[in-house]
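Chains, contacts and geometry: an overview
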Amino acid sequence: MKNSNGMRPQDVAVLLKIVRMGKQPWLAKDLAAALHLSPAEVSNSLSRSALAGLLDSSKRVVSRGNLLDFLRHGLPYVFPQLPGGLVRGVPTAHSASPLNAKFQSEEAYVWPSGKGTMKGQAIAPLYPGAVDAALEDEDLHQLLALVDALRVGRSRERAEAAKELAKRMK
C-alpha cells in the first residue's frame, strides 16, 4: 500500500457501513456502490483503517471499541465542522433521528441537498456521496447523523450521540 497520509472522511462511512451490515457477508464493490464511492476508494479506505487499528488484519472485522474511541475523541478534531448558512437539505446531527426525539431546537442542521425537505444551517457531509448513501439506507443515515452530532453538537448532544453510537456498536 502507498503511504496512507492518515484517515480520510469517507473511511468513517466505510467502517460504519460494515458495522451496520453486522455478520452479513460483503464485497468491497458492494460497499463502494452503497456508499457512492469508487472500488479503489473503498480498497484504500480498508487499508488505511487496518493500519490505524480500526479493522483487523483481514480487513473484514471492525474493531468496534477502537472505532468508538476514535469517533468520540478524535473525529471532532480530525474532521471538524462549523454550521454554515441557511439552506435546504437533509437533516443531520440533532435534527435527524434518533437525536431529534431527544432534543428540540430552533436551529436545524442539514446536509445541503436539493433532495432535502428541511431548511437549516449547512453542515458539510463527511464526503460528497454521503447524502445519497444516507438517503438509500436509513440506518446509515442515523449513524452518519450521530457522527455529525459529535462533530458539531453541544456537550449534551455529543454525550447522547456517543451513548447511542455505543449501543449500536455492540
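One structure accompanies this document, and this report is about it. Every chain's residues receive numbers from 1 upward, in the order its sequence appears when written. Restriction of local features to residues with pLDDT of at least 70 applies here, the model being predicted, together with a cutoff of 80 or more for giving and counting side-chain atom pairs; totals for whole chains, interfaces and linings are based on all residues. Excluding hydrogens and water, the side-chain figures rest on all heavy atoms present in the structure.

**Focus on the pattern of salt bridges**
Proximity of charged atoms lets side chains of opposite charge pair with each other. The line we're drawing: We count a salt bridge whenever a side-chain nitrogen from Lys or Arg sits within 4 Å of a carboxyl oxygen from Asp or Glu. Strands are runs of DSSP state E lasting at least 2 residues, helices are runs of H or I lasting at least 4, and numbering of each runs from the N terminus. Accessible area is worked out with a 1.4 Å probe on protein chains only. A residue is then buried under 20% of its type maximum, exposed over 50%, and partly exposed in between.
Per the counting criterion, the structure on display carries 12 salt bridges. Ionic pairing is found between D139 and R20, a salt bridge with its closest N-O pair at 3.9 Å. Of the two residues, D139 sits in helix α6 (residues 138–152) while R20 sits in helix α1 (residues 9–21), which places them 119 residues apart along the sequence. Its relative accessible area of 39% is what places D139 among the partly exposed residues. One salt bridge connects K102 with E160, and the closest N-O pair in it is separated by 2.8 Å. With K102 in the loop between β1 (86–91) and β2 (109–112) and E160 in helix α7 (residues 155–169), this pair connects stretches of sequence that are 58 residues apart. What makes K102 partly exposed here is its relative accessible area of 43%. By relative accessible area, E160 is classed as buried at 15%.

**Observations regarding helix α2 (residues 28–35)**
Selection rule: Here, the arc refers to the directions that run from the helix axis to the C-beta atoms. It only takes one pair of heavy atoms within 4.5 Å for two residues to be counted as in contact.
Taken together, the buried positions of α2 are occupied by L31, A32 and L35. The arc that holds every buried residue of α2, seen down its axis, measures 100°, which confines them to one face. Turned more than 90 degrees away from the buried face of α2, the exposed residues are K29 and A33. Those residues of α2 that are buried are in contact with α1, α3 (39–51), α5 (130–136) and α6. Immediately downstream of α2, the backbone of H36 shows phi near 60°, a positive value.

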